[in-house]
Amino acid sequence: MEKELKRVSVVPMRGMVLFPHMTLNFDAAREMSIKALESAAENDSIVFLAAQKDYTIEQPTVDDIYSIGTFAVIKQVMRMPGGITRVIVKGLERGIIENFISEKPFFEAEVQEFDDLYEENHPLKQAYIRRLKKSYEEYFSQNPKLTADNFMAVMGIEEIGELCDVIAASLEIDTKEKQEILSEFDSYDRAEKLIITIQNQLEVLKLEQQLAQKVKASGASILRGGAFKPRTSPYDFQGIGK
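Structure report, in brief. (Residues numbered from 1 in each chain as written. Predicted model: local features only at pLDDT ≥ 70, side-chain atom pairs only at ≥ 80, totals over all residues. Heavy atoms only, no water.)

Our next topic: the nonpolar core. The biggest cluster of nonpolar side chains holds 62 residues, and the ones touching the most others in it are F26, L49, V89, L132, I167 and L194. Examining the composition of this core, we find that 7 residues originate from one element, helix 6 (residues 187-223), more than from any other. (Core = buried A, V, L, I, M, F, W, Y, C linked by side-chain atoms within 4.5 Å. Buried < 20%, exposed > 50% of the residue type's maximum accessible area, 1.4 Å probe, protein only. Helix = DSSP H or I, 4+ residues; strand = E, 2+ residues; numbered from the N terminus.)

Set out below in structure tokens:
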């Protein structure tokens with residue numbers, strides 16, 4: 001649902017996409033980003049985070065920033081050595097930049113705020129939720145980088161828009177793919193895109209595992225009986241055992 005237009009400080013994010021409901025810690029080193037965060041913190045603590053199209057650009061212009069991003073509330077700002085500002089934010093709602101008001105000393109824009117678009121009594125709502133959770137459960141079982149906290153957080157969500165966002169935030173996909181998911185305002189369209197993305201990631205994980213097994217088997221076959229023996233524990237390298 002379209003809501004009011006807000007004037008807000010904008011922080012371009014390099015290689016990161018913030019989703020609603022997501023808590024994010026990041027370091028701001030660029031002067032324009034620090035000034036935008038300081039300005040927001042001095043007012044209502046609301047800032048708009050939008051990803052850069054090319055994370056390698058050090059001084060982005062308005063054309064280098066995606067128009068769709070996320071409103072966030074600043075939870076904590078810490079000044080670190082070396083001129084770095086460490087920030088903790090919590091994602092609130094999606095938004096679309098309608099007009100940039102200024103670019104110096106930091107980006108400021110008028111941003112249209114949006115609620116999730118979804119039909120509460122959609123006949124397939126529960127089917128989408130079950131399919132998303134099942135897909136994530138399989139993804140979790142194949143990805144050792146995810147924690148039990150990630151899994152429990154997802155399994156406890158019953159609102160489809162929030163479920164999509166929390167899952168998307170935890171996937172190991174590139175910025176462009178995450179931006180495409182963020183740009184889906186309709187929760188059911190977002191769910192369909194996310195299910196396809198998870199299935200694609202599962203295929204990648206399975207291929208990586210198969211390749212690792214082949215490399216391991218090949219190494220053991222070629223070097224068996226030689227001076228080198230593949231170690232099974234990181235402690236073996238140091239000669240200290242388990």
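Among the structural elements, I96 can be located in strand 5 (residues 85-102). When its relative accessible area of 22% is taken as the criterion, I96 is described as partly exposed. C-alpha of I96 to C-alpha of A50: the two residues are 46 residues apart in sequence and 9.4 Å apart in space. Not counting residues up to four positions away in its chain, the partners in contact with I96 are F48, S67, I68, E110, V111, Q112, F114 and F185. (Contact = heavy atoms within 4.5 Å.)

With an omega of -5 degrees, the peptide bond between K104 and P105 qualifies as cis. Its place among the elements puts P105 in the loop between strand 5 and strand 6 (107-114). You will see that H21, though not glycine, has its phi angle at about 75 degrees, which is positive. When you line up the elements, H21 lands in the loop between strand 1 (2-13) and strand 2 (23-28).

Working definition: an aromatic ring pair is given by the centre-to-centre distance plus the angle between the planes. A complete count under the given rule lists 6 aromatic pairs for this structure. Geometrically, the ring pair formed by F140 and F151 is tilted, given 4.9 Å between the ring centres and 35 degrees between the ring planes. In this pair, F140 sits in helix 2 (residues 125-142) while F151 sits in helix 3 (residues 148-155), placing the two residues 11 residues apart along the sequence. Taking the ring centre of F71 as reference, the NZ or CZ of K6 above it sits at 5.4 Å. (Phe/Tyr/Trp six-rings, centres within 6.5 Å; stacked < 30°, edge-to-face > 60°. Lys NZ or Arg CZ within 6 Å of the ring centre and 35° of its normal.)

By the element assignment, Y188 lies in helix 6. Taking the C-alpha atoms as reference points, Y188 and D116, separated by 72 residues in sequence, lie 10.0 Å from one another. Not counting chain neighbours up to four residues away, the residues in contact with Y188 comprise Y118, E119, H122, K125, Y128 and I160.

Next up on the list: helix 1 (residues 31-42). Between its terminal C-alpha atoms helix 1 stretches 16 Å, which fits the 16 Å expected from 12 residues at 1.5 Å a residue. Of the residues making up helix 1, those classed as buried are M32, S33, I34, A36, L37, S39 and A40. (Expected span 1.5 Å × (residues − 1).)

As a packed pair, helix 2 and helix 3 sit with axes 10 Å apart at the nearest point and diverge in direction by 175 degrees. With respect to helix 3, the element helix 2 is oriented roughly antiparallel. Mapping the contact onto sequence places K133, Y136, E137 and F140 in helix 2 and A148, N150, F151, V154 and M155 in helix 3. Class assignment of the residues belonging to the contact of helix 2 with helix 3 gives a composition of 6 nonpolar, 1 polar and 2 charged. (Axes fitted to C-alpha atoms, helices over the stretch in contact; angles between N-to-C directions. Parallel < 35°, antiparallel > 145°, perpendicular 65-115°, else oblique. Nonpolar A, V, L, I, M, F, W, Y, C, P; charged D, E, K, R; others polar.)

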